[in-house]
Amino acid sequence: MSTSPATPTRGVLLYSGKAKDVYATEDPSRILMHYTDGATAFNGVKKAQIDQKGVINARISAFFMEKMASAGVPTAFERMVGDRDQLCKRVAIIPVEVVVRNVIAGGLAKKLGLAEGARLKAPLIEHFYKSDSLNDPQINEETAVLLGWARAWEMQAMREYALRVNDVLLEFWGGLNIDLVDFKLEFGRLPGDVSGATSVVLADEITPDGSRLWERGTGRKLDKDVFRRDLGDLSETYKELYARVFGARLT
Ligand SMILES: Nc1ncnc2c1ncn2[C@@H]1O[C@H](COP(=O)(O)OP(=O)(O)O)[C@@H](O)[C@H]1O
Ligand SMILES: [Mg+2]
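A quick note: this is a predicted structure, and the numbers were derived from the prediction, not measured.

Considerations on the packing of helix H1 (residues 53-70) against helix H4 (residues 152-175)
Running from amino to carboxyl end, H1 crosses H4 at an angle of 125°, the nearest separation of the two axes being 10 Å. Relative to H4, the element H1 is oriented oblique. Between H1 and H4 the crossing geometry is right-handed. Listed contacts from H4 to Phe-63, Phe-64, Lys-67 and Met-68 of H1 are Val-165, Val-168, Leu-169, Phe-172 and Trp-173. Among the residues making up the contact of H1 with H4, the classes are represented as eight nonpolar, no polar and one charged.

As C-alpha cells, then:
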C-alpha cells in the first residue's frame, strides 16, 4: 500500500536552463523540474515567452513519460506537482542527446542538402554531444564511449529505449493523424547500489519543443519549428496540440 506522499517543497535552484528550472527538494534523490514559458531557438540566439507553454509541455511530457514506463522504458519522472512542476528522480545526465528520425527534416536535411519530407526506410538514430558552448555537435557512439561520456552497454540501452519510445510515439501521434518526424531524448544514470552498478533511465522531457510533428494531409507544423521559422503563433499551436492530445482545451 502506498500512502499519499507529502508535497515536496522547492529547495535551492540547481540549474536554470532554456525551458526549465531545476530545484533540489528535501529528498536528495529527488528534484523538482519547473517548466517555464521560455522558448529559445538556435542555441539561445532567438528568445521569447510563450503563453502557457510551461503548463502544456509539463503535462504533455508527464503523459508520455507515464506511457513509456508502461511500455517498459524506465524514466526519471514520478509525478506532477501543481501545474508546471514535475517531481523526478535526480539523475546524472549522460551528455549525449539521442535523436530519432523517421522523416528527413531539420539538421539532417541541412547538413546533407536534402529536401525535407522524405520518409526514411527505418528509424535513424543520431547522437549529439550536449554542450551549449559547442552548439551540440554530432558525434557517434564510439566517440561517446572512448571519451568516457557513456559505457558501451549504456549506449546500447539508450538505443533500444529510444526505438521503443519511437514505436509508442509513432502509434500515439499517428492515431491523431500527426506524423512524428523526429524527436530528441536525454538519458541519465540513477545513483549506483552498493556494488556500484547504475542504471540508465529516460530523463528530461518529451515535448513538442524537442519533436517535429506534422499534420497529415496538410503538412502543417505543430511543434517548435513554428517559432524557429516564424510560421505563426506558437502559443496557439501548442494549445491546439494540447486539445488534440487530451481531448479538451487547456483551462
Ligand atoms: N531527472 C533529472 N535529474 C537531473 N537533471 C535533469 C533531469 N532531467 C533533466 N535534467 C536536466 O535539467 C535541465 C533542464 O533544463 P532545460 O531548460 O531543458 O535545459 P537546457 O537549456 O540544458 O536544455 C537540463 O540540463 C537537463 O539535462
Ligand atoms: Mg532542454
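Remarks on the pairing of strand E3 (residues 30-35)
Taken across its six residues, E3 has five buried, putting it largely inside the fold. Sheet topology note: the strand E2 (residues 20-24)/E3 ladder contains five bridges and is antiparallel. Bridge pairing in E3 links Lys-20 to Tyr-35. The antiparallel hairpin formed by E2 and E3 contains five residues in its connecting segment. Relative to strand E7 (residues 85-89), E3 runs antiparallel, the two being bridged by five bridges.

Observations regarding the domain arrangement of the protein chain
According to the domain assignment, the protein chain contains domain 1 (13-89) and domain 2 (92-233). The centre of domain 1, based on its C-alpha atoms, is set 17 Å off from the matching centre of domain 2. Summing both partners gives a buried area of about 2,400 Å² for domain 1 against domain 2, and 65% of it is carried by carbon and sulfur. One can count five salt bridges joining domain 1 with domain 2. Measuring nitrogen to oxygen at the nearest pair gives 2.4 Å for the salt bridge that ties Lys-53 to Asp-209. Where domain 1 touches domain 2, the interface holds 15 residue pairs in polar contact (both at pLDDT 80 or more).

Quick word on the nonpolar core
Ranked by size, the top nonpolar core spans 49 residues in total, and within it Val-165, Leu-169, Trp-173, Leu-202 and Ile-206 carry the most contacts. Within the residue set of this core, elements represented by two or more residues are strand E4 (38-41), H1, strand E9 (96-103), H4, strand E12 (178-189), strand E13 (200-203), helix H5 (225-228) and helix H6 (234-246). Discounting residues that sit within four places of it in the chain, Trp-173 has contacts with Phe-64, Ile-178, Leu-180, Leu-213, Leu-241 and Val-245.

Considering the environment of Pro-95
Mapped onto the elements of the fold, Pro-95 is located in the loop between strand E8 (92-93) and E9. A relative accessible area of 21% means that Pro-95 is categorised as partly exposed. Distance in space between the C-alpha atoms of Pro-95 and Ala-109 is 24 Å, their sequence separation being 14 residues.

Here's the deal with a nonpolar patch on the surface
A cluster of nonpolar side chains, contributed by Val-12, Leu-14 and Tyr-15, occupies part of the molecular surface with about 290 Å² of accessible area. Note on placement: Val-12 falls in the segment before strand E1 (13-16). Judged by relative accessible area, which is 56%, Val-12 ranks as exposed.

Some thoughts on the site of ligand 1
With respect to spatial proximity, 17 residues lie near ligand 1, and among them Lys-18, Ala-19, Lys-20, Lys-89 and Glu-186 are the closest. Here an oxygen atom of ligand 1 sits 2.7 Å away from a polar atom, N or O, in the main chain of Ala-19. Note that a nitrogen atom of ligand 1 is positioned 3.2 Å from one of the backbone N or O atoms of Asp-204. Protein chains shield 90% of the accessible area of ligand 1, which is 550 Å² for the free molecule. For the shell around ligand 1, the elements supplying multiple residues, two or more each, are E2, E3 and E7. Partitioning the shell around ligand 1 into residue classes produces nine nonpolar, one polar and seven charged.

About the thresholds
- Residues numbered from 1 in each chain as written.
- Chains lettered and ligands numbered in written order.
- Predicted model: local features only at pLDDT ≥ 70, side-chain atom pairs only at ≥ 80, totals over all residues.
- Heavy atoms only, no water.
- Axes fitted to C-alpha atoms, helices over the stretch in contact; angles between N-to-C directions.
- Helix = DSSP H or I, 4+ residues; strand = E, 2+ residues; numbered from the N terminus.
- Parallel < 35°, antiparallel > 145°, perpendicular 65-115°, else oblique.
- Left-handed = near helix turned anticlockwise from the far one by under 90°.
- Contact = heavy atoms within 4.5 Å.
- Nonpolar A, V, L, I, M, F, W, Y, C, P; charged D, E, K, R; others polar.
- Buried < 20%, exposed > 50% of the residue type's maximum accessible area, 1.4 Å probe, protein only.
- Pairing = 2+ DSSP bridges.
- Domains from an automatic or database assignment.
- Buried area = accessible area lost by both parts, 1.4 Å probe.
- Salt bridge = Lys/Arg side-chain N within 4 Å of Asp/Glu carboxyl O.
- Polar contact = N/O pair within 3.5 Å; in protein donor to acceptor, adjacent residues only side chain to side chain.
- Core = buried A, V, L, I, M, F, W, Y, C linked by side-chain atoms within 4.5 Å.
- Patch = residues over 30% accessible without salt bridge, like charges linked within 9 Å, V, L, I, M, F, W, Y side chains within 5 Å.
- Areas by Shrake-Rupley, 256 points an atom, 1.4 Å probe, with all protein chains shown as cover.
- Near = heavy atom within 4 Å.

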